[in-house]
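Overview (structure and organization)
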Amino acid sequence: MTLAWFLQNLLNGLSMGSVYAIFALGYTLVFSILGIINFAHGAVFTLGAYLTYLLSVGQFGINGLLAGWQLPFTLPFPLALLAGAGLSGLAGMAVERLAFKPLRARQADALLALVSSLGVALILVNLIQYLFGAEIYSYPSDVLGSLPPAFIFKVGGKPVAVRTVQIVLFVVSLVMLAALAWFIHGTKAGKALRATAENQDTASLLGINVDAFILGTFFVSGLLGGLSGTLIGVSFGLSGPYFGVAYGLKALAVIVLGGLGSIPGAVLGGLVIGLGEAFLPPDLSSYKEAVAYALLFVILLVRPQGLLGGTTEQKV
Amino acid sequence: MSALLEVRSLSKAFGGLLAVSDVSLSVEQGEIFGLIGPNGAGKTTFFNMLTGMTRPTSGEVLFAGGAITGLRPEQVARLGVARTFQNIRLFAGLSVFDNVRIPRQSRERSGLWGNILGSPLASREERETSEAAWELLKLVNLTDRAMRPAGSLPYGDRRRLEIARALALAPRLLLLDEPAAGMNPSEKAGLADFIRQVRETFDLTVLLIEHNVPMVMGLCSRIAVLNFGERIAMGTPEEVQCDPKVVEAYLGAQKRDAAAAGEGACLHSTM
């Protein structure tokens with residue numbers, strides 16, 4: 001229990017937690033405007049990871065339909081990251097149009113939208129598997145160009161290592177969080193979005209194009225999903241088309257733990273789970289995947305509405 | 001005078017229930033028109049059809065000469081039809097000031113990028129919107145609480161804020177759904193004066209749903225009465241007040257018989 005050990009885990013936890021936060025925010029945004037959990041979000045996370053990999057590496061292995069096929073160009077990683085995130089945003093919009101809007105137009109029960117979004121998730125994941133195969137991919141070590149793979153400094157005589165990728169994760173996530181907070185609280189579109197989240201009918205009667213705002217929300221949600229998929233992918237590799245599902249479940253724990261529909265709650269929840277995993281004693285590390293739900297269980301015993309959830313909370 | 005709003009044979013069926021049945025009426029430019037009727041008469045469904053929230057089963061709505069039947073709510077709103085709700089629907093988590101700014105924002109020409117980059121058009125529009133919103137808050141005496149969340153206001157202030165928010169759309173037609181609900185007689189008198197004043201100031205036409213017969217009688221130049229979805233009477237307050245069908249709808253058949261016998265059963269018109 002040295003200072004170096006503490007710092008090392010703190011950095012690891014913050015880096016992962018910030019990615020959990022932006023991924024979970026994708027759920028939160030859709031939930032606050034439609035009151036529905038979009039189960040296709042985990043699949044969009046996978047899609048984003050695969051798209052960025054394709055754009056920056058240029059090809060996919062040996063098993064899928066596209067085996068041996070070579071993209072005629074490749075992009076430097078930062079550009080591929082942006083393009084992958086943008087395309088994931090478009091995928092998010094497609095999910096809204098295919099899985100949610102038709103049901104909403106017929107005023108179907110919210111449970112049906114949940115099932116149809118699960119359906120879209122399965123289709124997407126299987127499509128990825130069909131095209132790219134089921135093997136594990138990892139990025140080449142020079143994906144971040146000439147940057148060194150890690151920075152090592154000494155604290156009290158003990159080394160603390162920060163992987164460059166971890167810094168990228170943290171910085172990109174923080175930038176996204178800041179941009180989102182500013183958009184929601186600092187722009188007139190953000191105000192209209194909050195109004196729409198409070199009451200769609202009233203917003204539309206005041207001239208707000210609710211349909212456009214819903215579509216825009218799915219774009220941002222998909223973008224956050226694709227971006228976090230890419231960040232996890234570049235950090236740990238792509239462990240197959242289903243790897244978004246596990247993270248998707250974890251992000252669900254994040255939003256419930258933070259308080260359903262609360263944006264600060266999703267951020268806090270992400271950091272709590274990220275840090276909880278990082279500080280897990282090494283001999284328990286095989287239980288890492290259980291940390292999120294164990295924390296969720298304990299916190300809900302004390303605060304059933306989640307850390308920052310409340311009956312009068314402001315949703316967006 | 002010409003009709004600003006013309007409703008032709010409007011009907012709405014929910015399954016087998018005919019909530020509004022073949023209702024026609026026209027509201028003249030500048031008029032304060034009342035729509036009354038007992039609970040469940042279809043008044044709110046009627047409003048929902050005018051504003052595009054509910055699609056009519058049949059019939060037609062003309063606003064300023066053009067058909068608005070089947071338009072989406074935000075399209076109807078942008079043409080200049082604003083409404084308030086029986087159960088007040090403010091954006092409770094947003095500030096009083098933002099509540100009044102939002103309707104005007106949706107009419108601005110500058111888009112998201114102009115707003116983000118601070119283009120001259122966006123800055124000017126934002127200033128104009130804020131000034132206009134401030135004027136409306138002055139009108140309803142809420143400037144001192146402009147930055148408080150709208151949900152924290154007391155009931156009467158929320159009513160007035162909701163009207164101010166509707167006015168921020170710069171409407172030509174204002175639909176008020178039971179604006180006096182939950183008010184005491186002196187507050188009702190104050191509200192009636194306020195509605196008259198607003199109509200003068202903004203050159204509005206007002207269509208008003210109200211439960212409270214005396215208030216409608218004093219305020220409106222013409223009245224239509226709905227009962228079980230049908231328009232059972234229409235005319236000046238004096239004409240409608242002693243109409244046997246209206247008396248029956250409100251007070252029951254006994255009083256109607258008394259009215260028919262010339263015993264003068266009418267709805268009271270004092271508050």
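See the structure above.
Residues numbered from 1 in each chain as written. Chains lettered and ligands numbered in written order. Predicted model: local features only at pLDDT ≥ 70, side-chain atom pairs only at ≥ 80, totals over all residues.

In this section: the overall build of chain A. Each helix and strand counted, chain A has eleven helices and two strands in total. Secondary structure elements of chain A, listed N to C terminal, follow the sequence α-α-α-α-β-β-α-α-α-α-α-α-α. Against the 2.2 N^0.38 benchmark of 20 Å for 316 residues, chain A shows a C-alpha radius of gyration of 20 Å, consistent with a compact globule. Dimensions of chain A, computed from C-alpha atoms along their principal axes, come out at roughly 65 × 50 × 35 Å. Residue burial in chain A is summarised as follows: out of 316 residues, 46% are buried. Long-range contacts, defined here as pairs at least 24 residues apart, represent 77% of the contacts in chain A between residues at least 6 apart. (Helix = DSSP H or I, 4+ residues; strand = E, 2+ residues; numbered from the N terminus. Rg over C-alpha atoms; globule rule 2.2 N^0.38 Å. Buried ≥ 20, exposed ≤ 12 C-beta atoms within 10 Å, placed from the backbone. Contact = placed C-beta atoms within 7 Å.)

A few words now on the interface of chain A and chain B. Taken residue by residue, the interface counts 19 residues in chain A and 23 residues in chain B. Broken down by element, the residue count for the side of chain A that touches chain B peaks at seven residues, all from helix H6 (residues 188–198) of chain A.

So, about the sheet that holds strand S7 (residues 173–177) of chain B. Residues and elements named next belong to chain B. Strand order in the open sheet formed by six strands is S6-S7-S8-S3-S9-S10, with mixed pairing between adjacent strands. Edge positions in the sheet fall to strand S6 (81–83) and strand S10 (230–235), since each of these pairs with one other strand and no more. Mean inter-strand twist for the sheet, computed between neighbouring axes without regard to direction, equals 20 degrees. Packing of helix H10 (residues 244–251) onto the sheet brings it into contact with strand S9 (222–227) and S10, and relative to S10 it is tilted by some 125 degrees. (Pairing = 2+ DSSP bridges. Axes fitted to C-alpha atoms, helices over the stretch in contact; angles between N-to-C directions.)

In this section: the nonpolar core. Counting residues in each nonpolar core, the largest one holds 164 residues, and the members touching the most others are Ala24(A) and Leu208(B). Per-element tally for this core: the top contributor is helix H1 (residues 3–34) of chain A, with 13 residues. Shared between two domains, this core holds at least three residues of each, these being domain 1 (1–80 + 171–237) and domain 2 (93–170) of chain B. (Core = buried A, V, L, I, M, F, W, Y, C linked by C-beta atoms within 7 Å. Domains from an automatic or database assignment.)

Take the pairing of strand S1 (residues 3–14) of chain B next. Note on strand geometry: in a regular strand, side chains alternate between the two faces of the sheet. Residues and elements named next belong to chain B. Where S1 lies against strand S2 (residues 17–28), eight bridges are found, and the strand directions are antiparallel. Paired with Val 7 across the bridge in S2 is Leu 25. With antiparallel pairing between neighbouring strands as the criterion, S1 and S2 make up a hairpin whose turn holds two residues, including Gly 15 at a positive phi of roughly 60 degrees. When S1 meets strand S4 (residues 58–63), the two strands line up antiparallel, connected through five bridges. Bridge assignment links Leu 5 to a residue of S4, and that residue is Phe 63.

Residue and element names in this part refer to chain A. Of note, Val 155 is situated in strand S1 (residues 150–155). On the basis of neighbour counts, which here come to 14 C-beta atoms within 10 Å, the residue Val 155 falls in the partly exposed class. Note: C-alpha distance between Val 155 and Trp 5 (150 residues apart in sequence) is 9.1 Å. Contacts of Val 155, omitting those with residues within four sequence positions, involve Leu 3, Ala 4, Leu 7 and Val 160.

Turning next to the environment of Asn199(A). In this structure, Asn199(A) sits in the loop between H6 and helix H7 (200–205). The class for Asn199(A) is partly exposed, based on 17 C-beta atoms found within 10 Å. For the pair formed by Asn199(A) and Phe45(A), sequence separation is 154 residues and the distance between their alpha carbons is 29 Å. Beyond its immediate sequence surroundings of up to four residues, Asn199(A) is in contact with Arg89(B) and Phe91(B).

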